[in-house]
Amino acid sequence: VRVSAAGGIYQHPDREVPDTFFMTIEYPSKHTVVLASSMANRQGLPMIIRGHKATISFDGRGTTIAPEDEYQEEFKKMFGQTPLNIDRFYVNSEERANHMDNFIDCIRSRENPVLDVEFGYKVQVAITLGVTAYRENKVCYFDPATEKVIEKS
């Protein structure tokens, strides 16, 4: 419903796209995604999902789910340990298929891919609004009911 972005070309003047970029996406579900990226440092930024009950951290070696203090006992009863370390990302106890392999398999089988066109559309709306917000130095608004960008003053 609302996207803002900031950043700039601070370290690599030979480019058109920002080497440092921040984007905030607010969804109608009351979830917010904060994307931060920088091409000015090789260390990269950690991928983290912060939820009300736990935080999920992705570090390249695996995934760690750490509950918030008040959910420690509930988490331990459900999973037997806290924090929970996962070597790979699994969905319903099956390793998630490689995106391109899944796409090719679906072309052959005519089944729907895990990441279908509706999902792609939703992601692209957020990306396009973020690019627009950055380039035009403004906050962009989107009405999910009409699927239209709306102007607010």
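K.L.:
Which parts of the structure should I look at to understand the pairing of strand β6 (residues 63-67)?
P.N.:
As a general feature of sheets, a regular strand has side chains that alternate between the two faces. Alternating residues of β6 divide into T63, I65 and P67, all buried, and T64 and A66, none buried. Two elements, strand β5 (residues 54-58) and β6, share five bridges in a ladder whose sense is antiparallel. Bridge pairing in β6 links F58 to T63. Hairpin connection from β5 to β6: four residues lie between these consecutive antiparallel strands, with G60 at a positive phi of about 90°. In this sheet, strand β7 (residues 84-86) lies alongside β6 in antiparallel orientation, the contact comprising three bridges.

K.L.:
Help me out: how do you make sense of the sheet that holds strand β2 (residues 20-26) in this one?
P.N.:
Read across the sheet, five strands follow the order β3-β2-β1-β10-β11 without closing on themselves; strand pairing throughout is antiparallel. The open sheet is flanked by β3 (32-38) and β11 (148-150), the only strands paired with a single partner. Across the sheet, the mean angle separating the axes of adjacent strands is 20° when strand polarity is ignored. Where strand β10 (residues 140-143) meets β11, three bridges bridge the pair, whose relative direction is antiparallel. For Y141, the partnering residue across the bridge sits in β11 and is I150. Each of β1 (2-8), β2, β10 and β11 touches helix α3 (residues 117-136); the most contacted strand, β1, lies at about 50° to it.

K.L.:
Mind showing me how you'd approach the environment of K122 here?
P.N.:
Relative to the helices and strands, K122 resides in helix α3. In sequence terms K122 and P144 are 22 residues apart; their C-alpha atoms lie 9.9 Å from each other.

K.L.:
Before we go on, may I ask you to explain the packing of aromatic side chains in this structure?
P.N.:
For any two aromatic rings, the description comes down to two numbers: the centre-to-centre distance and the angle of the planes. In this structure the tally under the stated criterion is two aromatic pairs. Considering the side-chain rings of F75 and F79, the 4.8 Å spacing of their centres and the 50° angle between planes classify their relative orientation as tilted. You can see F75 and its partner F79 sitting in helix α1 (residues 72-79), four residues apart, about one turn around the helix. Judged by relative accessible area, F75 falls into the buried class, the value being 8%.

K.L.:
Where do I start with the pattern of salt bridges in this structure?
P.N.:
Oppositely charged side chains are able to pair whenever their charged atoms sit close together. Counted under the stated rule, the structure contains five salt bridges. E74 serves as the salt-bridge partner of K53, at 3.9 Å between the closest nitrogen and oxygen. Within this pair, whereas K53 is found in the loop between β4 (47-50) and β5, its partner E74 is found in helix α1, the two being separated by 21 residues in sequence. K138 is the salt-bridge partner of E151, the closest N and O atoms lying 3.6 Å from each other. Residue E151 is located in the segment after β11, and its partner K138 is located in the loop between α3 and β10; the two are separated by 13 residues in the primary sequence. Residue classification places E151 among the exposed residues on the basis of a relative accessible area of 63%. A residue is classified by how much of its surface remains accessible, and K138, at 29% relative accessible area, is partly exposed. Overlapping salt bridges, with partners in common, bring together E136, K138 and E151 in one network.

K.L.:
Hey, could you run me through the sheet that holds β5 in this one?
P.N.:
In sheet architecture, strand pairing relies on hydrogen bonds along the backbone and comes in two forms, parallel and antiparallel. The four strands are arranged β4-β5-β6-β7 in an open sheet whose pairing can be described as antiparallel. Of all the strands in the sheet, the pair left with one neighbour each is β4 and β7. Averaged over all pairs of adjacent strands, the angle between strand axes in this sheet comes to 15°, irrespective of strand direction.

Rules and cut-offs
- Residues numbered from 1 in each chain as written.
- Predicted model: local features only at pLDDT ≥ 70, side-chain atom pairs only at ≥ 80, totals over all residues.
- Heavy atoms only, no water.
- Buried < 20%, exposed > 50% of the residue type's maximum accessible area, 1.4 Å probe, protein only.
- Helix = DSSP H or I, 4+ residues; strand = E, 2+ residues; numbered from the N terminus.
- Pairing = 2+ DSSP bridges.
- Axes fitted to C-alpha atoms, helices over the stretch in contact; angles between N-to-C directions.
- Contact = heavy atoms within 4.5 Å.
- Phe/Tyr/Trp six-rings, centres within 6.5 Å; stacked < 30°, edge-to-face > 60°.
- Salt bridge = Lys/Arg side-chain N within 4 Å of Asp/Glu carboxyl O.

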